[in-house]
Amino acid sequence: QVQLVESGGGLVQAGGSLRLSCADSGRTFSTSAMGWFRQAPGKDREFVATISRNGGRTYYADSLKGRTTISRDNAKNTGYLQMNSLKPEDTAIYYCAAKVTYDNTAVYRGADAYAYWGQGTQVTVSS
C-alpha cells in the first residue's frame, strides 16, 4: 500500500525557491514511479515532472524545465521537487503521485496512470 504525504509548500516571493517533499508511509515506494502534478484555481490538473522507480530517468513539463528538479531517496521512502525562479503563475496546489511498476526506467506523464495520490500542498508565489 502506498500512502503519500506532501510537505514543503508555502508562500514565497517571485524568484524564490521551494523544495517539496513527498513521504510514503507505505512499503512500496521503491517499486513505484513517482510524479508531481499541480492544479491552479479554475484550471485542470497539470503534469509537472516524473521520475522512474530507480531514479535514473526523469521527464519535465516544458513550462518548468530548467527551473525544476525531481529526485527521490528510496532509502527514506521520500521524493522531492526542487523549484527555483518561481513565478506567480506557479501558484497552485502541488500533488505527488505514485504508480507501482516492475519497470525500473518507466516514467509516466498522464495523471490517469497513477493510482496513489497525496493530499496536496499549497504553493503561493507573490509578485
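I will try to describe carefully the structure that is included in this document. Model, not experiment: these values are computed from the prediction.

1. Quick notes on the pattern of salt bridges
Argument step 1. In the structure shown here, the tally under the stated rule is four salt bridges.
Argument step 2. Residue R38 pairs with E46 through a salt bridge whose shortest N-O separation is 2.8 Å.
Argument step 3. We classify R38 as buried; its relative accessible area is 6%.
Argument step 4. By relative accessible area, which is 31% here, E46 ends up partly exposed.
Argument step 5. Put simply, R38, E46, R67 and D90 are held in one network by salt bridges that share partners.

2. Examining the sheet that holds strand β7 (residues 68-73)
Remark on secondary structure: sheet strands pair via backbone hydrogen bonds, oriented parallel or antiparallel.
Argument step 1. As summarised here, the arrangement of the four strands in space is β1-β3-β8-β7, forming an open sheet in which the pairing is antiparallel. Looking along the sheet, the strands with just one partner apiece sit at the ends: β1 (4-7) and β7. Taken over all neighbouring pairs, the strand axes of this sheet differ in orientation by 15 degrees on average, direction set aside.
Argument step 2. In this sheet, strand β8 (residues 78-83) lies alongside β7 in antiparallel orientation, the contact comprising six bridges. Of the residues in β8, the one forming a bridge with T69 is Q82.

3. Examining the state of the cysteines
Argument step 1. Under the definition given, this model contains one disulfide.
Argument step 2. Covalently, C22 is tied to C96 through a disulfide, its sulfur atoms 2.0 Å apart. Looking along the S-S bond of the C22-C96 disulfide, the torsion reads about 65 degrees, which is the right-handed sense. Of the two residues, C22 is situated in strand β3 (residues 18-24) and C96 in strand β9 (residues 92-100); the sequence distance between them amounts to 74 residues. Side by side, C22 and C96 carry an identical accessibility label, which is buried.

Procedures and definitions
- Residues numbered from 1 in each chain as written.
- Predicted model: local features only at pLDDT ≥ 70, side-chain atom pairs only at ≥ 80, totals over all residues.
- Heavy atoms only, no water.
- Salt bridge = Lys/Arg side-chain N within 4 Å of Asp/Glu carboxyl O.
- Buried < 20%, exposed > 50% of the residue type's maximum accessible area, 1.4 Å probe, protein only.
- Pairing = 2+ DSSP bridges.
- Helix = DSSP H or I, 4+ residues; strand = E, 2+ residues; numbered from the N terminus.
- Axes fitted to C-alpha atoms, helices over the stretch in contact; angles between N-to-C directions.
- Disulfide = S-S within 2.5 Å.

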